Amino acid sequence: MPKVSKDPCKLYACRIQSCLRENNYQEDRCTEVLEEMRICCLKWHKKSLCCSGINLEEPRLEKPKSKGTPKSSSGITNNANIISATI
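These numbers were taken from a predicted model, which means no experiment stands behind them.

Participant: Looking at this model, I keep getting lost on the packing of helix α1 (residues 10-22) against helix α2 (residues 31-44). Mind explaining?
Facilitator: A pair of packed helices is characterised by two quantities: the angle between their axes and the separation of those axes. It is at 9 Å that the axes of α1 and α2 come closest, and there the two elements cross at 165 degrees. Taken together, the axis directions place α1 and α2 in an arrangement best described as roughly antiparallel. Viewed along their axes, α1 and α2 form a crossing whose handedness is left-handed. Packed against α1, whose contacting residues are Y12, A13, R15, I16 and C19, the element α2 presents V33, L34, E36, M37 and C40 at the interface. Across the contact of α1 with α2, the residue classes tally to 8 nonpolar, no polar and 2 charged.

Participant: What's the story with the state of the cysteines in this structure? I'm lost.
Facilitator: In a disulfide, the sulfur atoms of two cysteines are covalently bonded to one another. Here the structure, examined in full by the defined rule, presents 3 disulfides. In this model C19 forms its disulfide with C30; the gap between the sulfur atoms is 2.1 Å. Since a negative S-S torsion denotes a left-handed disulfide, the C19-C30 link at about -100 degrees is left-handed. Of this pair, C19 sits in helix α1 while C30 sits in the loop between α1 and α2, and the two are 11 residues apart along the sequence.

Conventions and cut-offs
- Residues numbered from 1 in each chain as written.
- Predicted model: local features only at pLDDT ≥ 70, side-chain atom pairs only at ≥ 80, totals over all residues.
- Heavy atoms only, no water.
- Axes fitted to C-alpha atoms, helices over the stretch in contact; angles between N-to-C directions.
- Helix = DSSP H or I, 4+ residues; strand = E, 2+ residues; numbered from the N terminus.
- Parallel < 35°, antiparallel > 145°, perpendicular 65-115°, else oblique.
- Left-handed = near helix turned anticlockwise from the far one by under 90°.
- Contact = heavy atoms within 4.5 Å.
- Nonpolar A, V, L, I, M, F, W, Y, C, P; charged D, E, K, R; others polar.
- Disulfide = S-S within 2.5 Å.

Rendered as structure tokens:
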């Protein structure tokens, strides 16, 4: 009998679908569940089909703002604030 392996991140993928459905597909209301999936994929990305297409570089949860370079919510440096601060 062939050994069937269970996808280690499938549970998180299902939680994402449930959260999105319950919140009218508003991603910002499911950031914690999305982050849990990202963390699972960091560990299991080579074995989990559910992790294909997941960006493992940036966390979904916003970190507290630091005193460094201003960034927008997308993580892109806000050059307008840098320029106006130097003028």
